[in-house]
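Listed below are the residues making up each chain.
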Amino acid sequence: MSDAASVQAAVTEGAVAEAAAEAPIQAFTVTLIIRRFDPEVDAEPHWQDFDVQLYPTDRVLDALHKIKWEQDGSLTFRRSCAHGICGSDAMRINGRNRLACKTLIKDLDISQPIYVEAIKGLPLEKDLIVDMEPFFESYRQIQPFLIADSKPKDGKERIQSVAQRERFDDTTKCILCAACTSSCPVFWTDGQYFGPAAIVNAHRFIFDSRDEGSQVRLDILNDKEGVWRCRTTFNCSEACPRGIEVTKAISEVKQAILRGSPDLPAQDLRPVPASA
């Protein structure tokens, strides 16, 4: 290609890119069907549909805001940070537990209505809000804080290696949104079950080398409503918006109970030999 042709091609590509950048993003109409419930008016929940103008980069939370601000101010839901950290806006979207603030409209099938309802297994208060107290009661029971009565060496910080930290790193990511617990069929049918989130947060301290209360938590979870109620359906792992391997964490707590200690057997601590 000649220099003139190369320059012309570059100019053409630049013009196409500029035109594409200036092209407005097209909005479209999306139908949301929301399960409504007002305890002061309704005997039972009912479904109500709303048509909303949205962009592909909008989130379900944006759609709910538009409905509340522009169509029906009585629509009730929880939200706070709107960036997937606070865990406030967990709800069932098209039958799956998700965070409304992390669910993009473009990732859903907009040729069909989007169904939105409150998470299951917890008492419904109004519209998309449930009573979280049973969830947090289970969380409190597993003592989700560092228990360390002894003084650290030299009276300073409690030293922890990278490998020791990595042992429980995954379960530190929990944001207490209840997406995992409210996706569990056992939790739906047995209100006494601790639930995945409580066990995940127990795991976070059971396997922390700085903690001295592991046995207490193992005893708490070695109960008919503890880890043995888990049926390993993997719903919790699929529902977790933080990507925590919830089922794996529950399995590790079960193994620790059977061993009578969070410490791994000696053979599990040996370094993996390098391949030839």
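For the structure, see preceding data.
Residues numbered from 1 in each chain as written. Predicted model: local features only at pLDDT ≥ 70, side-chain atom pairs only at ≥ 80, totals over all residues. Heavy atoms only, no water.

Caption draft 1: Inspection of the pattern of salt bridges at higher detail. For the structure on display, the rule yields 16 salt bridges. Linking Arg-140 and Glu-133 is a salt bridge whose minimum nitrogen-to-oxygen distance equals 2.3 Å. Residue classification places Glu-133 among the partly exposed residues on the basis of a relative accessible area of 41%. Of the charged contacts in the structure, one is a salt bridge between Arg-217 and Asp-211, with a shortest N-O distance of 2.7 Å. Judged by its relative accessible area of 0%, Arg-217 falls in the buried class. Residue Asp-211 is classed as buried on the basis of its relative accessible area of 8%. One network of salt bridges, with partners in common, ties together Arg-36, Asp-72 and Asp-127. (Salt bridge = Lys/Arg side-chain N within 4 Å of Asp/Glu carboxyl O. Buried < 20%, exposed > 50% of the residue type's maximum accessible area, 1.4 Å probe, protein only.)

Caption draft 2: Inspection of empty space enclosed by the protein at higher detail. Going through the model one piece at a time under the given rule, you end up with one cavity of 30 Å³ or more. Its boundaries defined by the atoms lining it, the largest cavity holds a volume of some 90 Å³. Around the largest cavity, the lining comprises 13 residues; the ones closest to its centre are Cys-174, Cys-177, Cys-180, Cys-240 and Ile-244. The class makeup of the residues in the lining of the largest cavity is twelve nonpolar, no polar and one charged. (1 Å grid on protein atoms, 1.4 Å probe; cavity = no way out; pocket = protein on both sides within 12 Å on 5 of 7 lines; lining within 4 Å. Points joined across faces, edges and corners; volume = space filled by probe spheres on them. Nonpolar A, V, L, I, M, F, W, Y, C, P; charged D, E, K, R; others polar.)

Caption draft 3: Expanded view of the layout of surface pockets. Looking at the largest pocket, its volume works out to about 320 Å³. Lining the largest pocket are 14 residues; nearest its centre among them are Gln-164, Arg-167, Phe-207, Ser-209 and Asp-263. Of the residues assigned to the lining of the largest pocket, the class counts are six nonpolar, four polar and four charged.

Caption draft 4: Seen up close, helix α6 (residues 196-206). Buried residues dominate α6, accounting for eleven of its eleven residues. Three or more residues of α6 are buried, namely Pro-196, Ala-197, Ala-198, Ile-199, Val-200, Asn-201, Ala-202, His-203, Arg-204, Phe-205 and Ile-206. Check the buried side of α6 and you find it contacts α3 (133-141), α7 (214-221), α8 (235-239) and α9 (246-259). (Helix = DSSP H or I, 4+ residues; strand = E, 2+ residues; numbered from the N terminus. Contact = heavy atoms within 4.5 Å.)

Caption draft 5: Region of the structure containing the sheet that holds strand β3 (residues 90-93). Judged by pairing direction, the sheet is mixed, and its five strands sit side by side in the order β2-β1-β5-β3-β4 without closing on themselves. Sheet topology places β2 (46-54) and β4 (96-99) at the edges, where each strand pairs with a single neighbour. Taking the axes of each pair of neighbouring strands and ignoring which way they run, one obtains an average angle of 35° across the sheet. Contacts from helix α2 (residues 60-70) reach β1 (28-36), β2, β3 and β5 (114-117), with the element oriented near 100° to β2. (Pairing = 2+ DSSP bridges. Axes fitted to C-alpha atoms, helices over the stretch in contact; angles between N-to-C directions.)

Caption draft 6: Local environment of the packing of aromatic side chains. Here the structure, examined in full by the defined rule, presents three aromatic pairs. Ring centres of Phe-135 and Phe-136 lie 5.1 Å apart, and the angle between their planes is 80°; on these two criteria the pair is classed as edge-to-face. Ring centres of Phe-136 and Tyr-139 lie 6.4 Å apart, and the angle between their planes is 80°; this geometry places the pair in the edge-to-face category. Of this pair, Phe-136 and Tyr-139 both sit in helix α3, three residues apart, which is roughly one turn of that helix. A connected cluster of aromatic rings, assembled from ring pairs, spans Phe-135, Phe-136 and Tyr-139. Geometry around Phe-205 places Arg-204 over its ring, the cationic atom sitting 4.1 Å from the centre. (Phe/Tyr/Trp six-rings, centres within 6.5 Å; stacked < 30°, edge-to-face > 60°. Lys NZ or Arg CZ within 6 Å of the ring centre and 35° of its normal.)

Caption draft 7: Focus on the packing of α6 against α7. Contact pair α6 / α7: the axes reach a minimum separation of 9 Å and the direction vectors enclose 155°. Relative to α7, the element α6 lies roughly antiparallel. Crossing hand, α6 versus α7: left-handed. Contacts between α6 and α7 involve Ile-199, Ala-202, Phe-205 and Ile-206 from the first element and Ser-214, Arg-217, Leu-218 and Leu-221 from the second. (Parallel < 35°, antiparallel > 145°, perpendicular 65-115°, else oblique. Left-handed = near helix turned anticlockwise from the far one by under 90°.)

Caption draft 8: How the structure looks around the state of the cysteines. Counted under the stated rule, the structure contains zero disulfides. As a non-bridged cysteine, Cys-101 has Cys-81 as the owner of its nearest cysteine sulfur, 5.7 Å distant. With relative accessibility at 7%, the residue Cys-101 sits in the buried group. With no disulfide of its own, Cys-230 has Cys-236 as its nearest cysteine by sulfur position, at a separation of 6.2 Å. (Disulfide = S-S within 2.5 Å.)

Don't take any of this as a statement about function, it's just geometry.
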